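# Structural overview for review
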Amino acid sequence: MLRSCHLKYCYGILISLFIFCDTASGDLIRVDKNILEDANLITPNLIKKYGYPAETHKIQAKDGFVLTAHRIPKPGGQPVLLVHGLLDSSVAYVILGPERSLGFLLSDLGYDVWLLNTRGNRYSRKHRRYHRYQPQFWDFSFHELGMYDLPAAIDYILARSKGYEQIHYVGHSQGTTSFFVMGSEKPAYMKKIKLMQALAPVVFWDYLDSPIILTFVKYLRPLVFIAKSFGIYEFPPENEVWRSLIQKICSFVFQNTCTYFLMEAMGVDYAQFNSSLLPLFTGHASSGSSVKSLEHFGQQIHSGGFFKYNYYSTWENRRNHGADTPPQYNLTNVDCKVALYYSKNDRLTSDKDVVRLRNILPNVVLDYLFPDPLYNHINFIWGNDVKTVLNDRIIELMRKVDNGEV
């Protein structure tokens, strides 16, 4: 009863803030109508708006999750799977439109483009046994993404790609973490990967120096305990309300403040960030995940390795891992061709940690450190020059691999 009252109180505050921002937004910051339209379109409708065909596919993972993949179809084209980062969605690779976004650029070149939504985000919230308001629904981290989501998506795509036995893979942030989990735990899938391109790869976090992240990690266990005590297993809780609220606050009321905190979290680079597009980004960002996902990432910081989830209980660790402490993932199993793209100003993954990853992986075909000293974590998706400094390079490497030059 007490927990229910606390939740009702929190939701009441959210609703009040939502109404306030909805009322206040009318006379504050003017935003281009086209940007607002794109901010409120779901991924397939955004794709269609720009004249491309779009399909929605439901993929069954072996543990019961029903995943949604959006497709820009090119029958007979080489399949490519694009996977988003934490709290993001399939929109990541189309959000900047046909001129710059990787999904559209690949489609123009004849690739069959698949945009996966991993479990728990706004498009992948169904399970055969559990409802999203049950704790069991949110009992996952990047480990389950690598063990279930990616294998299910790869098998589904190849089953619908006649004449192809391999796919291209591009992942950003958590989309790289989950891939390395899959490669470590299910190495047979590496034979199904033609080339894996890792944008801002997140594996080791020993040199992470973000004040925001380090403060969060310092209080990680008590914060997770408090969240679960209030019945909160989803992050952010009641995600759709939060997303709409954040969009209104950051678009119409505190645009500069929101931009400041975003830069502090991801790495300060105002030259690559178009603040007029903030309503578009906040309209789609924070697509949701689990508290356990944040906790698992937090456990990696300054841990010295790349570890499976720590249950903080010898008995639980023995039951799940067969050992008192969680084991490390075996990255030497990831023997497909891998390209690494990273930067010095990324506050969510240090260039030193990526160099360590490079030295472990057995088949790195490209190691690219951005020459721009200010390039940050979100520039890989939202950067003003992302087409010329990154996407064109990704496409050129895919062409070389397709032609047997690499």
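Conventions and cut-offs
Residues numbered from 1 in each chain as written. Predicted model: local features only at pLDDT ≥ 70, side-chain atom pairs only at ≥ 80, totals over all residues. Heavy atoms only, no water. Helix = DSSP H or I, 4+ residues; strand = E, 2+ residues; numbered from the N terminus. Rg over C-alpha atoms; globule rule 2.2 N^0.38 Å. Buried < 20%, exposed > 50% of the residue type's maximum accessible area, 1.4 Å probe, protein only. Contact = heavy atoms within 4.5 Å. Areas by Shrake-Rupley, 256 points an atom, 1.4 Å probe, with all protein chains shown as cover. Lys, Arg positive; Asp, Glu negative; His and termini not counted. Charge placed at Lys NZ, Arg CZ, Asp CG, Glu CD. Phe/Tyr/Trp six-rings, centres within 6.5 Å; stacked < 30°, edge-to-face > 60°. 1 Å grid on protein atoms, 1.4 Å probe; cavity = no way out; pocket = protein on both sides within 12 Å on 5 of 7 lines; lining within 4 Å. Points joined across faces, edges and corners; volume = space filled by probe spheres on them. Core = buried A, V, L, I, M, F, W, Y, C linked by side-chain atoms within 4.5 Å. Salt bridge = Lys/Arg side-chain N within 4 Å of Asp/Glu carboxyl O.

## Observations regarding the overall build of the protein
The helix and strand inventory of the protein stands at 16 helices and 11 strands. The C-alpha atoms of the protein give a radius of gyration of 21 Å, which matches the 22 Å a tight globule of 406 residues would have. Based on the C-alpha atoms only, the size of the protein along its principal axes is roughly 60 × 55 × 45 Å. Sorting the 406 residues of the protein into buried and exposed places 54% on the buried side. Once local pairs closer than 6 in sequence are excluded, the contacts in the protein between residues at least 24 apart make up 77%. For the protein, the computed accessible surface area is about 17,400 Å², with 56% contributed by carbon and sulfur atoms. Taken as two groups, the 43 positive and 38 negative side-chain charges of the protein have centres that lie 6 Å from each other.

## Considerations on the packing of aromatic side chains
All chains considered together, the criterion is met by 22 aromatic pairs. Ring geometry for Tyr50 against Phe104: centres 6.2 Å apart, planes inclined by 70°, an arrangement best described as edge-to-face. Of this pair, Tyr50 sits in the loop between helix 3 (43-49) and strand 1 (55-60) while Phe104 is found in helix 4 (residues 102-108), placing the two residues 54 residues apart along the sequence. The class of Tyr50 is partly exposed, set by a relative accessible area of 27%. Taking 4.6 Å as the distance between ring centres and 45° as the angle between the ring planes, the aromatic pair formed by Tyr52 and Phe104 counts as tilted.

## Thoughts on empty space enclosed by the protein
Under the defined criterion, the tally for this structure stands at 3 cavities of 30 Å³ or more. One number sums up the size of the largest cavity: a volume of about 70 Å³. Contributing to the lining of the largest cavity are Ala92, Tyr93, Leu96, Arg100, Ser101, Leu102, Leu199, Phe380, Ile381, Val386 and Asn391. For the lining of the largest cavity, the secondary-structure elements that each account for two or more residues are helix 15 (379-382) and helix 16 (386-402).

## Overview of the nonpolar core
Formed by 109 residues in total, the largest nonpolar core has its most connected members in Leu81, Phe179, Phe180 and Tyr341. Ranked by the residues each element gives to this core, the list is headed by helix 5 (residues 142-159), at 10 residues. Filtering out sequence-adjacent residues up to four positions away, Phe180 remains in contact with Met196, Pro201, Val203, Phe306, Leu331, Val334, Leu357 and Leu361.

## Here's the deal with the layout of surface pockets
Considered as a void within the structure, the largest pocket measures approximately 1,600 Å³ in volume. Contributing to the lining of the largest pocket are 43 residues, with Leu87, Phe235, Ala265, Met266 and Leu294 lying nearest its centre. When residues of the lining of the largest pocket are traced back to their parent elements, those giving at least two are helix 7 (211-218), helix 8 (220-229), helix 9 (239-253), helix 10 (255-266), helix 11 (278-284), helix 12 (291-300) and helix 15.

## Section: the side chain of Asp88
Take Asp88: it is sitting in the loop between strand 3 (79-83) and helix 4. In contact with Asp88, other than residues within four places in its own chain, are Asn121 and Ser287.

## Here we look at the pattern of salt bridges
Inspection of the entire model under this criterion finds 21 salt bridges. For Arg71, the salt bridge goes to Asp112, with nearest N and O atoms at 2.7 Å. A residue pair is termed long-range when its members are at least 10 positions apart, and Arg71 in strand 2 (residues 65-72) and Asp112 in strand 4 (residues 112-117) qualify at 41 residues. Taking relative accessible area as the criterion, Arg71 reaches 10% and is therefore assigned buried. Note on Asp112: relative accessible area 2%, which makes it buried.

## Examining helix 12
Of all 10 residues in helix 12, 10 are buried; the element is thus mostly enclosed. Residues Val291, Lys292, Ser293, Leu294, Glu295, His296, Phe297, Gly298, Gln299 and Gln300 constitute the buried set of helix 12. Contact partners of the buried residues in helix 12: helix 5, helix 6 (174-185), helix 7, helix 8, strand 8 (234-235) and strand 9 (289-290). Directly after helix 12, the chain includes His302, whose backbone phi takes a positive value near 55°.

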